[in-house]
Amino acid sequence: MSDFEAFYRGTAPRLMRFAYGLTGGLAEAQDFTQEAYARAWQRWPSLQRYDNPEAWLRLVVTRLATDWWRRLTVRRSAALPEPPHVPPPDEELMTVVAALKKLPIDQRRALAMHYLLDQSVAEIAVELSVPVNTVKSWLARGRAGLAAALGERSHVN
């Protein structure tokens, strides 16, 4: 097994969860994960020497997701019709994903890294090059935003 194949097998499920946490869409998460690994494969000789190549993958996915959100916003502002709604497979999961979508990207990313990837606040701060207190703030605001959004859903039902 090659070094890249071992790296892929060891990190792909985590990266996929991270991408899904950022985008809220399975297709987008799969596309961004695949694109990140394609880019990693091209740069593998230098990337494998990084202290944390998985962090580089998350950065690629974050940038792809950010660009995707920007394009989506432009499309929506152009008044294109929404695609037909497909009922979600799991109502509880979709409720949480919908609530996550309402949060700013920094809060979404911090929540995904902390809760989906089990990273500590300190690890997130190092990876994102921000102070620990900034990560704590993003997590607190993200949790508050989720609680508010999920609270609104429970009053509707």
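All of the points below concern the structure found in this document. In this text, all values refer to a predicted model and were calculated from it rather than measured experimentally.

## A few points about the side chain of Glu54
Along the chain, Glu54 turns up in helix α4 (residues 53-77). A relative accessible area of 12% places Glu54 in the buried class. Within the structure, the side chain of Glu54 is placed 3.0 Å from the side chain of Arg14, a separation counted as a polar contact. Once residues lying within four places of it in the same chain are set aside, the contact partners of Glu54 are Phe7, Thr11 and Arg14.

## A few points about helix α6 (residues 105-116)
Under the 1.5 Å per step criterion, the end-to-end length of α6 is 15 Å for twelve residues, consistent within 8% with the ideal 16 Å. Listed in full, the buried residues belonging to α6 are Gln107, Arg108, Arg109, Ala110, Leu111, Ala112 and Met113.

## Digging into the pattern of salt bridges
In this structure the tally under the stated criterion is seven salt bridges. Residue Glu5 pairs with Arg9 through a salt bridge whose shortest N-O separation is 2.9 Å. Of this pair, Glu5 and Arg9 both sit in helix α1 (residues 3-23), four residues apart, which is roughly one turn of the helix. Assessed through its relative accessible area of 32%, Glu5 is described here as partly exposed. A residue is classified by how much of its surface remains accessible, and Arg9, at 55% relative accessible area, is exposed. The partner of Asp67 in a salt bridge is Arg70, and the shortest N-O contact between them spans 3.6 Å. One end of the pair is Asp67 and the other is Arg70, both in helix α4 and three residues apart, which spans about a single turn.

Analysis parameters
- Residues numbered from 1 in each chain as written.
- Predicted model: local features only at pLDDT ≥ 70, side-chain atom pairs only at ≥ 80, totals over all residues.
- Heavy atoms only, no water.
- Helix = DSSP H or I, 4+ residues; strand = E, 2+ residues; numbered from the N terminus.
- Buried < 20%, exposed > 50% of the residue type's maximum accessible area, 1.4 Å probe, protein only.
- Polar contact = N/O pair within 3.5 Å; in protein donor to acceptor, adjacent residues only side chain to side chain.
- Contact = heavy atoms within 4.5 Å.
- Expected span 1.5 Å × (residues − 1).
- Salt bridge = Lys/Arg side-chain N within 4 Å of Asp/Glu carboxyl O.

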